[in-house]
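Examination of the molecular architecture
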Amino acid sequence: MADAILRVENLKKNFGNLSVIDGWNLEIERDERIAMIGPSGCGKTTFLKIIADLEKDFHGRIEKNFERIGFVFQEPRLIPWINVMENLTFVFPDKDKIDFFLKAMRLEGFEDYLPSQLSGGMKQRVNLVRALIADPQLLILDEPFSSLDMPVKFAIIEDINKLRDQRKFAIITVTHDVKEAILLSDRILILSKRPSKIIQDIKIDLQQKERDISDTKFIQAESELMKRIFFLSR
Amino acid sequence: MKILFGILIFLIAWQIFAAILNVPLILPSPYLTFKSLYNLALQQETYQAIFSTVWKSLLVLLMVIAIGTPVGFLMGISESVYQIFRPAITVVQAVPVISWLALVIFVWGIGWKGPVVISFLSLLPISIFTTAAGVRSTDKSLIEMARVYKVPQVKIIRTIYLGSLVPFVFSTVEVIIGDVWKVIVVSEYLCGSDGIGVLISWARQYVDVPRIYALTIIAVTLGIASERLVKIAFKKVLEKWQMQS
Ligand SMILES: Nc1ncnc2c1ncn2[C@@H]1O[C@H](COP(=O)(O)OP(=O)(O)O)[C@@H](O)[C@H]1O
Ligand SMILES: [Mg+2]
């Protein structure tokens with residue numbers, strides 16, 4: 001792949017005696033979407049932190065061909081005492097961009113709300129907008145939907161995919177949910193438990209219109225994936 | 001209603017106790033005490049004393065917050081500043097009031113400066129440590145979020161650290177406002193030239209026990225009233241801060 005946005009070679013990470021990541025190799029293309037599924041504690045968040053420069057102590061080689069990254073955390077991480085607009089200008093003071101993404105994420109009219117006045121789904125939408133306004137070339141989603149209801153979750157995923165079609169950024173999604181992974185990715189990486197390795201790299205060959213939880217092809221892909229995860233975990 | 005009932009019970013118990021004990025030098029009856037309170041209400045010097053105690057208390061409160069907050073803030077964001085300042089402040093906290101008294105009388109004699117300085121010194125450590133604890137408890141996940149987006153340090157301090165400090169400043173005021181009266185009155189008693197503490201010390205010289213009780217009622221009322229007032233005033237503001245994001 002000539003045009004990789006991220007290239008990882010033999011990445012290893014341990015916390016003291018605890019070996020967490022044990023030799024990962026992967027490449028992500030410029031507008032590719034990948035999802036990672038793995039048992040909890042296998043180092044997914046640690047990997048994302050390494051990519052986002054929050055964790056600088058590791059072994060291996062990482063080549064980053066991007067300048068701007070958007071990080072959607074598992075919890076909203078909004079500053080409680082300032083409103084939605086102030087939370088956004090805090091990271092990137094560009095009103096036009098903010099207005100654009102607020103609209104795309106259906107948050108128009110909520111600019112003056114405090115985080116505590118928003119529902120869980122809306123907080124995660126603000127979390128997403130905050131990640132998007134810097135115009136990231138790589139968007140990271142670290143289990144951002146795990147606390148949300150299904151319909152809320154799928155509505156947000158649809159909006160993310162729409163935006164990605166327009167703006168062509170790469171996405172790395174970490175999730176436990178197979179449906180979520182298929183909806184949000186072209187490729188799914190399956191991780192083993194700690195010390196973790198990438199044990200499967202599965203291409204998702206679905207058209208965008210087939211990425212619909214009631215589509216036959218989607219259901220096929222889902223049960224296929226479930227089977228593989230089930231076998232691998234035995 | 002229940003509160004009034006409670007006060008009534010308290011007064012009755014007091015009356016009964018005073019009657020049984022029958023030593024007005026230790027426990028005067030409520031009747032004598034309130035008569036004395038009534039007399040106080042007729043005297044202009046009472047109001048001068050209250051005014052004097054109130055403004056000293058406010059001055060101390062202001063000084064404690066003005067010095068305690070920035071020092072505590074620096075100690076909160078830097079571990080080395082914390083380690084450097086902590087011993088000195090711990091010592092200040094442990095010095096008995098009476099030692100300050102000796103020093104203060106030596107320097108200023110009898111007057112308003114003594115009570116103010118003594119009260120300031122005895123309340124400052126609480127303010128500093130509360131503030132430092134507040135800064136140290138700042139949500140690290142918010143700081144991490146800001147670092148991902150390369151938000152400048154100045155902005156992080158202004159918005160996240162200072163913001164998370166607000167409830168601690170308020171709770172420092174809440175804690176101190178209850179104590180400041182007591183400390184001021186004691187130090188007025190010991191080295192003041194005016195104020196409620198001074199009136200108490202005079203009443204003691206004339207062995208006018210009901211008057212001492214009456215003055216105590218005034219001091220207690222001031223303390224409770226100001227605490228309540230602050231609580232009500234802060235409640236609205238603090239709701240915003242205490243809610244989870
Ligand atoms: N800063 C840290 N210090 C020590 N251990 C850590 C640290 N961060 C994560 N770990 C450990 O590393 C392992 C992987 O953590 P994490 O990457 O958060 O897992 P997950 O795949 O669930 O996101 C866990 O066992 C966790 O306890
Ligand atoms: Mg995680």
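This write-up is about the structure you can find in this document. (Residues numbered from 1 in each chain as written. Chains lettered and ligands numbered in written order. Predicted model: local features only at pLDDT ≥ 70, side-chain atom pairs only at ≥ 80, totals over all residues. Heavy atoms only, no water.)

1. Focus: the overall build of chain A
- Along the backbone of chain A there are seven helices and nine strands.
- In terms of C-alpha radius of gyration, chain A reaches 18 Å, essentially the compact-globule figure of 17 Å for 234 residues.
- If one aligns the C-alpha atoms of chain A with their principal axes, the spans along those axes are about 50 × 45 × 35 Å.
- Counting all 234 residues of chain A, 53% fall into the buried class. (Helix = DSSP H or I, 4+ residues; strand = E, 2+ residues; numbered from the N terminus. Rg over C-alpha atoms; globule rule 2.2 N^0.38 Å. Buried < 20%, exposed > 50% of the residue type's maximum accessible area, 1.4 Å probe, protein only.)

2. Focus on the overall build of chain B
- A count of helices and strands for chain B gives ten helices and zero strands.
- Element order for chain B, N to C, with α for helix and β for strand: α-α-α-α-α-α-α-α-α-α.
- Overall, chain B is about 75 × 50 × 30 Å in size when its C-alpha atoms are taken along their principal axes.
- Here chain B, with 245 residues, has 44% of them falling under the buried criterion.
- For chain B, the share of sequence-separated contacts (at least 6 apart) that also reach a separation of at least 24 residues comes to 75%.
- Of the accessible surface of chain B, which amounts to about 13,700 Å², a share of 72% is contributed by carbon and sulfur atoms.
- Of note, chain B has its 19 positive side-chain charges centred 5 Å away from the centre of its 11 negative side-chain charges. (Contact = heavy atoms within 4.5 Å. Areas by Shrake-Rupley, 256 points an atom, 1.4 Å probe, with all protein chains shown as cover. Lys, Arg positive; Asp, Glu negative; His and termini not counted. Charge placed at Lys NZ, Arg CZ, Asp CG, Glu CD.)

3. Some words on the sheet that holds strand E3 (residues 33–37) of chain A
All names here are of chain A.
- Strand order in the open sheet made by the six strands is E5-E6-E7-E3-E8-E9, with mixed pairing throughout. Either end of the sheet is taken by a strand with one partner, and the two such strands are strand E5 (69–72) and strand E9 (198–203). This sheet shows a mean twist of 15° between the axes of neighbouring strands, independent of strand direction.
- Pairing of E5 with strand E6 (residues 138–142) involves four bridges; the strand directions are parallel. When the bridges of E6 are listed, Val72 appears paired with Leu141.
- Running at roughly 170° to E9, helix H7 (residues 216–232) makes contact with E3, strand E8 (187–191) and E9 of the sheet. (Pairing = 2+ DSSP bridges. Axes fitted to C-alpha atoms, helices over the stretch in contact; angles between N-to-C directions.)

4. Quick look at the pattern of salt bridges
Residues and elements named next belong to chain A.
- All told, the structure shown has 30 salt bridges over all chains when counted by the stated rule.
- Notably, a salt bridge pairs Asp22 with Lys197, separated by 3.2 Å at the nearest N-O pair. With Asp22 in strand E2 (residues 18–29) and Lys197 in the loop between E8 and E9, the pair connects residues that are 175 residues apart, well separated along the chain.
- Using a relative accessible area of 40% as the deciding quantity, one classes Lys197 as partly exposed. (Salt bridge = Lys/Arg side-chain N within 4 Å of Asp/Glu carboxyl O.)

5. Digging into the interface of chain A and chain B
- Contact with chain A, which involves 23 residues of that partner, is made by 20 residues of chain B.
- Summing both partners gives a buried area of about 2,100 Å² for chain A against chain B, and 67% of it is carried by carbon and sulfur.
- Among the residues chain A hides against chain B, the three largest losses belong to Arg77, Trp81 and Phe90 of chain A. Together they make up 38% of the total.
- Our count for the contact surface shared by chain A and chain B stands at two salt bridges.
- Close ionic contact of Lys49 of chain A with Glu144 of chain B constitutes a salt bridge, the shortest N to O distance being 3.2 Å.
- At the boundary of chain A with chain B, the tally comes to seven residue pairs in polar contact (both at pLDDT 80 or more).
- Elements supplying a minimum of two residues to the side of chain A that touches chain B: E5, helix H2 (84–91) and helix H4 (120–132) of chain A.
- Here the residues of the side of chain A that touches chain B sort into 15 nonpolar, three polar and five charged. (Buried area = accessible area lost by both parts, 1.4 Å probe. Polar contact = N/O pair within 3.5 Å; in protein donor to acceptor, adjacent residues only side chain to side chain. Nonpolar A, V, L, I, M, F, W, Y, C, P; charged D, E, K, R; others polar.)

6. Some remarks on the nonpolar core
- If you look at the biggest cluster of nonpolar residues, it comprises 133 residues, and the most contacted ones within it are Leu6, Met36, Phe47, Leu139 and Ile160 of chain A.
- For this core, the element with the highest residue contribution is helix H8 (residues 153–191) of chain B, accounting for 15 residues.
- If near-sequence neighbours (up to four positions away) are discounted, Leu139 of chain A is found in contact with Gly70, Val72, Leu128, Ala131, Leu132, Ile160, Phe169, Ala170, Ile171 and Ile172 of chain A. (Core = buried A, V, L, I, M, F, W, Y, C linked by side-chain atoms within 4.5 Å.)

7. So, the site of ligand 1
All names here are of chain A.
- Within the structure, ligand 1 sits among Phe15, Leu18, Val20, Ser40, Gly41, Cys42, Gly43, Lys44, Thr45, Thr46 and Arg194.
- Thr45 is positioned such that a nitrogen or oxygen atom in its side chain is 2.7 Å from an oxygen atom of ligand 1.
- Protein contact buries 59% of the 560 Å² of open area that ligand 1 shows by itself.
- Elements with a minimum of two residues in the shell around ligand 1: E2 and helix H1 (44–51).
- Looking at the shell around ligand 1, the element that brings in the most residues is H1, giving three residues.
- Residues of the shell around ligand 1, tallied by class, amount to four nonpolar, five polar and two charged. (Near = heavy atom within 4 Å.)

8. Concerning the pairing of E6 of chain A
Residue and element names in this part refer to chain A.
- With respect to burial, E6 is a largely interior element, five of its five residues being buried.
- Covered by surrounding structure in E6 are Leu138, Ile140 and Asp142 together with Leu139 and Leu141, the residues of both alternating faces.
- Inspection of the sheet shows E6 paired to strand E7 (residues 170–175) by five bridges, in the parallel sense. Looking at the pairing, Leu138 lines up with Ala170 of E7.
- Running through helix H5 (residues 150–167), the crossover from E6 to the neighbouring parallel element E7 is right-handed. (Right-handed = clockwise from strand over helix to strand, strands pointing away.)

9. Re the sheet that holds strand E4 (residues 59–64) of chain A
All names here are of chain A.
- Pairing within the open sheet is antiparallel, and its three strands lie in the order E2-E1-E4. Either end of the sheet is taken by a strand with one partner, and the two such strands are E2 and E4. Each adjacent strand pair in this sheet contributes to an overall mean axis angle of 15°, direction not counted.
- The pairing of strand E1 (residues 4–15) with E4 spans five bridges and is antiparallel. Residue pairing in the sheet places Leu6 in a bridge with Lys64 of E4.
- In the packing of H1 onto the sheet, contacts are made with E1, E2 and E4, and the angle to E1 comes to roughly 125°.

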